[in-house]
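Below are the chains, spelled out letter by letter.
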Amino acid sequence: MSAMDGSSIAPAGGGGGGPVDQMIPRTFRITRVIREVAGVFTWHLEAEDGQPFAFRPGQFNMLYLFGVGEVAISISGNCRQPEKLVHTIRPVGSVTKAMAELKAGATIGVRGPFGRGWPVEPIFGSDVIFVTGTVGLAPLRPLIYEVLHQRDKFGKVVICYGSRGTSDILYEDELHQWRGRFDTNVHVTCHSAPAGYRGRIGSVAAAVKIARIDGENTQAFVCRSESLTRPAVNALREKGVTSDRVWVTLERNMKCGIGLCGHCQFGPTFMCKDGPVYRFDEIEHLFAVREI
Ligand SMILES: Cc1cc2nc3c(=O)[nH]c(=O)nc-3n(C[C@H](O)[C@H](O)[C@H](O)COP(=O)(O)OP(=O)(O)OC[C@H]3O[C@@H](n4cnc5c(N)ncnc54)[C@H](O)[C@@H]3O)c2cc1C
Ligand code: FES
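Residues numbered from 1 in each chain as written. Chains lettered and ligands numbered in written order. Predicted model: local features only at pLDDT ≥ 70, side-chain atom pairs only at ≥ 80, totals over all residues. Heavy atoms only, no water.

1. Observations concerning the overall build of the protein
Across its full length, the protein holds 8 helices and 15 strands. Taken along the three principal axes of its C-alpha coordinates, the protein extends 50 × 45 × 40 Å. A total of 292 residues make up the protein; the buried ones form 52% of that total. Counting contacts in the protein only where the partners sit at least 6 residues apart, residues at least 24 apart contribute 73% of the total. For the protein, the computed accessible surface area is about 12900 Å², with 50% contributed by carbon and sulfur atoms. (Helix = DSSP H or I, 4+ residues; strand = E, 2+ residues; numbered from the N terminus. Buried < 20%, exposed > 50% of the residue type's maximum accessible area, 1.4 Å probe, protein only. Contact = heavy atoms within 4.5 Å. Areas by Shrake-Rupley, 256 points an atom, 1.4 Å probe, with all protein chains shown as cover.)

2. Quick notes on the pattern of salt bridges
Under the counting rule described, the total for this entry stands at 14 salt bridges. For Glu-48, the salt bridge is made with Arg-29, and the minimal N-O distance between the two is 3.1 Å. Placement of Glu-48 in the loop between strand E2 (41-47) and strand E3 (60-65) and of Arg-29 in strand E1 (residues 26-35) is noted, with a sequence separation of 19 residues between them. Put simply, Arg-151 and Asp-183 hold a salt bridge, and the shortest N to O gap is 3.5 Å. (Salt bridge = Lys/Arg side-chain N within 4 Å of Asp/Glu carboxyl O.)

3. Looking at the sheet that holds strand E15 (residues 277-279)
Across the sheet, 7 strands lie side by side as E10-E9-E8-E7-E11-E12-E15; this open sheet has mixed pairing. Every other strand in the sheet has two partners, leaving strand E10 (200-201) and E15 as the edge strands with one partner each. The pairing of strand E7 (residues 127-133) with strand E8 (residues 157-163) spans 6 bridges and is classified as parallel. The residue of E8 that forms the bridge with Thr-132 is Tyr-161. Against the sheet, helix H8 (residues 280-287) contacts strand E12 (246-249) and E15, and its axis sits at roughly 95° relative to E15. (Pairing = 2+ DSSP bridges. Axes fitted to C-alpha atoms, helices over the stretch in contact; angles between N-to-C directions.)

4. Digging into helix H4 (residues 172-180)
Note that an α-helix has 3.6 residues per turn; residues three or four places apart therefore point the same way. Restricting attention to buried positions, one finds in H4 the residues Glu-174, Leu-175 and Trp-178. When H4 is viewed along its axis, its buried side chains cluster within an angular range of 105° and face the same direction. Exposed positions of H4 whose direction lies more than 90 degrees from the buried face are Asp-173, Gln-177 and Gly-180. Contact partners of the buried residues in H4: helix H3 (137-149), E8 and strand E9 (185-190). (Arc of directions from axis to C-beta.)

5. Quick look at the environment of Val-135
Within the secondary structure layout, Val-135 lies in the loop between E7 and H3. Exposure remark for Val-135: the relative accessible area of 11% places this residue in the buried category. A sequence separation of 45 residues divides Val-135 from Gly-180, and the C-alpha atoms of the two residues are 22 Å apart.

6. Notes on the sheet that holds E3
Taken in spatial order, the 6 strands line up as E4-E3-E6-E1-E2-E5 in an open sheet, and their pairing is antiparallel. Only two strands of the sheet have a single partner each, and these edge strands are strand E4 (69-74) and strand E5 (85-89). Adjacent strand axes in the sheet meet at a mean angle of 40°, parallel and antiparallel pairs treated alike. Of the strand pairs in this sheet, E3 and strand E6 (residues 107-114) are connected by 4 bridges, and their pairing is antiparallel. Residue pairing for E6: Phe-60 is matched across the bridge by Phe-114.

7. Brief notes about H8
Every buried residue of H8 is listed here: Phe-280, Ile-283, Leu-286 and Phe-287. Down the axis, H8 shows its buried residues gathered within 115° of arc, on one side only. Here the buried face of H8 lies against helix H6 (226-238), E12, strand E13 (265-266) and E15.

8. Points about the site of ligand 1
Surveying the vicinity of ligand 1 reveals 18 residues, the closest of which are Ala-72, Thr-88, Arg-90, Thr-96 and Glu-251. Within the side chain of Thr-96, one N or O atom sits 2.4 Å away from an oxygen atom of ligand 1. Protein chains shield 67% of the accessible area of ligand 1, which is 900 Å² for the free molecule. Among the elements of the structure, E4, E5 and helix H2 (94-99) are those that each provide at least two residues to the shell around ligand 1. (Near = heavy atom within 4 Å. Polar contact = N/O pair within 3.5 Å; in protein donor to acceptor, adjacent residues only side chain to side chain.)

9. So, the confidence of the model for the protein
For the protein, mean pLDDT is 91; residues scoring 70 or higher make up 91% of the total. Residue range residues 1-6 is modelled with pLDDT below 50. Its contacts to residues more than four positions away, or to other chains, number 15 contacts. (pLDDT = per-residue confidence, 0-100.)

10. Description of the nonpolar core
One finds Ile-129, Leu-236, Val-246 and Ile-283 to be the most contacted residues of the largest nonpolar core, which totals 36 residues. A per-element tally of this core places H6 first, with 5 residues. Those residues in contact with Leu-236, other than ones at most four positions away along the chain, are Ile-129, Val-131, Val-208, Ala-220, Val-222, Val-241 and Val-246. Among the nonpolar cores identified, the runner-up in size contains 32 residues, and Val-147, Phe-154, Ile-169 and Cys-223 belong to it. (Core = buried A, V, L, I, M, F, W, Y, C linked by side-chain atoms within 4.5 Å.)

11. Quick look at the pairing of E7
Burial within E7 is extensive, with 7 of its 7 residues counted as buried. The side-chain alternation of E7 yields two buried faces, one formed by Asp-127, Ile-129, Val-131 and Gly-133 and the other by Val-128, Phe-130 and Thr-132. Since E7 and E8 lie parallel, the crossover through H3 that links them has a hand, and here it is right-handed. (Right-handed = clockwise from strand over helix to strand, strands pointing away.)

The structure is reproduced here in structure tokens:
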């Protein structure tokens, strides 16, 4: 089945068969670098071997900058376009800052796709609400594309997005496009804004409170920081969305990406294979434990 035309998504592939294959990166060429908001960039990548890269929304790759190091980065592109791999990166340390220096034409190594993605087919028929902030929109974007691609399979679709200011709204053009649709509600809110700003000011949790959803028939997708997750989950609960219908994606240090090294342990789970997407009721008890 082609990922381009079927109603369901092609099975994820590209990680190879056994553990040895999954440790060997494929070479990808950067075809485009997009400077998003300050300090955040997006890469468009094509496989040097010309093979498509199938993945499911919510999965991540290990990106290897040759001679520098490897980091886990969510896939932020469209799984219906497996010929183009897309990643959005915020440079924070040695590897990601070195990646920020690369230009179109450079090559990197890619291992993946890894991890459990967002559920898609099991939530057909539900209202859907996305709750996220800043670069947390990147891991959710593939799911937003997919829900909009199969729009008739879902009830109401609401996107609540929070940024710090008015100049760091990620994928602002796409948020405008989604807001322009008659079948999607988009609430963008900024923590602070210059005088005269006509948009919404406040927290993303406050935006959840005004969202028009049928709480008892809603699946919620929340990303990313744990400090955003808790108030968002509380606001969702007030709307009747119980934790067994809230999905979150989490981050931990990753090394192997395939459940071998233990670096990403989160309670009894390995985030690289049991996550990074979790149903909130599965991990709620771990949220209370600091630095677990
Ligand atoms: C499943 C998964 C998906 C991810 N998806 C993305 C993505 O789509 N885009 C993206 O930009 N990043 C993403 N990350 C985070 C990314 O992996 C880290 O930012 C990266 O590993 C940092 O490596 P570094 O060598 O550049 O920095 P390091 O040298 O490892 O760290 C430098 C500093 O940054 C801090 N730091 C490290 N990781 C993070 C983090 N996650 N958030 C904030 N501060 C951090 C460290 O504590 C340290 O102070 C993801 C992580 C995981 C586990
Ligand atoms: S990163 Fe090695 S077990 Fe998860």
